[in-house]
Structures are given as C-alpha cells and as structure tokens.
Amino acid sequence: VMKITLEKYISFILVVLLHSGCLAESPPRVFLGFIDYSLSASTFEANNKDRLADRFLRLWSHEMSAPDQLMVYPIHLLTETASSLYRKIKPNSSGDLNGASLTAKSNHEFLSEFKEGVFEETKIPDNVRMGTNLYPILRKIQRHSTNTKTRVLIVSDMIHEFQDEQLNEVFFSKNAPDPRELAYEKCQEMDMVNKLSNAEVSLLFPGTIDGDINDEVIRPLIITFWEELFTLAGATVEVEDL
C-alpha cells in the first residue's frame with residue numbers, strides 16, 4: 001500500500017511541476033549569422049564564398065538541433081535597420097533507417113538555399129556597402145538572446161567605418177587609444193555591460209593569401225578591442241580565420 005501511495009504522490013508532484021513549467025523543455029536556441037557586405041571587406045574574394053558556406057553548413061549540420069532557428073543578417077552602412085538575408089528552422093530528423101538519407105537531403109537543401117539567399121539574391125547597392133556599421137550587432141544579439149542561449153557567427157574584418165567613428169583611423173593615429181580602454185568606454189556608452197551573457201560569439205576574419213597591407217598593423221588592436229567589448233558585454237568570444 002505504501003508503494004502505491006508513494007507512486008501516486010510522485011505522479012502528483014510531476015504533474016504539478018509540468019503545469020508550473022519547472023520541467024518544461026528549454027526554448028529552442030537561436031543561431032545568428034552576420035556577414036560583412038562592405039566593399040572594404042574581403043568576405044567574397046578568392047575562395048571565401050566556399051569557406052563561408054562550409055562554415056554555416058557545419059553550424060547547421062553539427063551544432064543545431066530541431067527546432068533551433070538560424071537567422072543571417074548583413075553588415076554594411078545600415079546594419080541597424082537591415083532585415084535578415086536568410087531564415088530557417090531546423091526540421092526534425094527521422095529516427096528510422098531513412099534518417100541518414102533525410103539528414104543528407106536536409107543538408108543539401110540548406111546549402112542550396114543558403115547560397116541563394118546570401119550570395120545570389122542580395123541586391124545591396126554600392127552606396128550602402130560603402131560603410132561598415134558594426135555596433136548594432138550587439139543590440140541585435142541582445143534582442144535574440146534575452147530568453148535563450150544564442151550562438152553567433154560574425155564574418156567581417158571588424159573595422160567599424162561609420163559617421164560616428166572610423167576604427168581604422170582611430171588605431172592608425174599617432175595617439176591611438178588602448179583597445180581595452182576604448183572597449184570599456186564603448187560598452188558603457190552602449191549600456192551593454194553583461195547584456196549578452198547568453199551569447200557565444202565567434203569572430204571569423206576573412207582574408208586572402210596575399211594578406212592586406214591596410215589591416216596588417218591594426219589587426220591585433222582590432223581583435224583585442226572586439227574580444228574585450230564582447231567579454232565586457234558578457235559573451236564568450238573566440239577568434240578564427242574564415
């Protein structure tokens with residue numbers, strides 16, 4: 001009798017917890033991509049298109065689970081108000097013998113749609129691609145990461161070139177500021193301290209085998225600045241070559 005009573009009690013507790021949301025499933029994760037379309041960036045030069053597509057395919061096939069969502073935004077002069085280039089929710093895969101076949105089909109469809117949306121369907125005019133407004137990225141990440149874990153890939157040379165600030169000129173100047181101190185000031189100014197604690201950010205720097213003489217000197221300062229800024233905002237950060 002005691003066993004039956006205990007089982008009923010446990011069942012009752014489970015029902016209460018489920019209704020209260022204590023055992024509810026975690027919300028789907030949000031995966032964000034930001035791709036630099038600025039004319040000054042080498043995002044689409046040489047074989048970078050293939051590398052970029054392969055990086056997002058790895059994200060789709062190995063990091064995402066159903067029903068996680070991927071959203072890809074452009075970086076350019078008007079990043080703040082730009083809508084997404086591509087959106088897709090990861091579908092459920094079959095657990096039967098057709099699972100591998102369906103996964104391969106899903107990956108093929110994703111790659112085709114991604115290339116179309118990111119490479120072929122964009123008609124961003126050159127006057128919009130003349131600048132690089134990077135700070136809105138933090139606000140967009142904040143909006144998507146408030147209630148769930150968020151994975152972020154940023155493909156860019158990370159040189160902010162907007163009317164308020166030109167990072168290449170800032171770090172090329174004779175009295176260039178300490179990048180960590182500048183990051184601290186910017187994080188305070190944007191009110192972003194610890195606002196991205198749910199975000200995991202990867203900075204992917206595109207390039208070519210020839211390198212870039214304009215970025216050669218300031219690249220270490222650029223990396224330090226953004227690593228510090230995202231860290232102060234609460235995110236985890238890693239830096240990679242595309």
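Residues numbered from 1 in each chain as written. Predicted model: local features only at pLDDT ≥ 70, side-chain atom pairs only at ≥ 80, totals over all residues. Heavy atoms only, no water.

> Got a sec to walk through the overall build of the chain? Specific residues and values, please.
Scanning the chain from terminus to terminus reveals 8 helices and 8 strands. The proportion of buried residues among the 242 residues of the chain is 40%. Put simply, 80% of the contacts in the chain that link residues at least 6 apart link residues at least 24 apart. About 13500 Å² of surface is accessible on the chain, with carbon and sulfur atoms providing 52% of the total. (Helix = DSSP H or I, 4+ residues; strand = E, 2+ residues; numbered from the N terminus. Buried < 20%, exposed > 50% of the residue type's maximum accessible area, 1.4 Å probe, protein only. Contact = heavy atoms within 4.5 Å. Areas by Shrake-Rupley, 256 points an atom, 1.4 Å probe, with all protein chains shown as cover.)

> Mind laying out the packing of aromatic side chains, listing which residues take part and the relevant values?
Summed over the entire model, instances satisfying the criterion amount to 13 aromatic pairs. When the centroid spacing of 5.9 Å and the interplanar angle of 70° are considered together, the rings of Y86 and F110 count as edge-to-face. Taken together, the residues span a long stretch of sequence, with Y86 in strand β3 (residues 86-89) and F110 in helix α3 (residues 99-120) at a distance of 24 residues. Judged by relative accessible area, which is 7%, Y86 ranks as buried. Owing to a relative accessible area of 0%, F110 belongs among the buried residues under this scheme. Both rings, one in F114 and one in F119, keep their centres 6.2 Å apart while their planes meet at 85°; by these two values the pair is edge-to-face. (Phe/Tyr/Trp six-rings, centres within 6.5 Å; stacked < 30°, edge-to-face > 60°.)

> An account of the nonpolar core is requested, with residue identities and associated values reported.
I154, W226 and F230 are the most contacted members of the largest nonpolar core, which has 35 residues in total. At the level of elements, β1 (30-36), β2 (69-75), α4 (136-145), β4 (150-155), α5 (167-172), α6 (179-189), β7 (199-205) and α8 (219-232) are the ones that each hand at least two residues to this core. Those residues in contact with I154, other than ones at most four positions away along the chain, are F34, I75, I137, V201, S202, L203, L204 and F230. (Core = buried A, V, L, I, M, F, W, Y, C linked by side-chain atoms within 4.5 Å.)

> Quick one: what's the story with the layout of surface pockets, residue by residue and with numbers?
By volume, the largest pocket amounts to about 270 Å³. Taken together, 13 residues form the lining of the largest pocket, with G207, G211, D212, D215 and R219 sitting closest to its centre. Taken together, the residues that form the lining of the largest pocket break down as 2 nonpolar, 5 polar and 6 charged. Taken as a whole, the second largest pocket holds about 210 Å³ of empty space. Taken together, 15 residues form the lining of the second largest pocket, with K90, P91, S93, T103 and S106 sitting closest to its centre. Contributing elements (two or more residues each) for the lining of the second largest pocket: α2 (48-63) and α3. A per-element tally of the lining of the second largest pocket places α3 first, with 6 residues. When its residues are assigned to classes, the lining of the second largest pocket shows 5 nonpolar, 7 polar and 3 charged. (1 Å grid on protein atoms, 1.4 Å probe; cavity = no way out; pocket = protein on both sides within 12 Å on 5 of 7 lines; lining within 4 Å. Points joined across faces, edges and corners; volume = space filled by probe spheres on them. Nonpolar A, V, L, I, M, F, W, Y, C, P; charged D, E, K, R; others polar.)

> Let's hear about the side chain of E165: which residues, and what values?
Note on placement: E165 falls in strand β6 (residues 165-166). Of note is the side chain of E165, whose polar atom sits 2.5 Å from the side chain of Y135. Excluding residues that lie within four positions of it along the chain, E165 makes contacts with Y135, H160, V170, L182 and K186. (Polar contact = N/O pair within 3.5 Å; in protein donor to acceptor, adjacent residues only side chain to side chain.)

> Residue-level account of the sheet that holds β1, with values.
Strands sit in the order β3-β2-β1-β4-β7-β8 across an open sheet of 6 strands; the sheet is mixed. Each having just a single partner strand, β3 and β8 (236-241) make up the two edges of the open sheet. Neighbour-to-neighbour, the strand axes of this sheet turn through a mean angle of 15°, independent of strand direction. Where β1 and β4 come together, 6 bridges link them in parallel fashion. Counterpart to I35 in the pairing with β4 is V155. Sheet strands in contact with α2 are β1, β2, β3, β4, β7 and β8, and its direction is about 170° off that of β4. Its contacts with the sheet place α8 against β4, β7 and β8, and it is angled at close to 170° to β7. (Pairing = 2+ DSSP bridges. Axes fitted to C-alpha atoms, helices over the stretch in contact; angles between N-to-C directions.)

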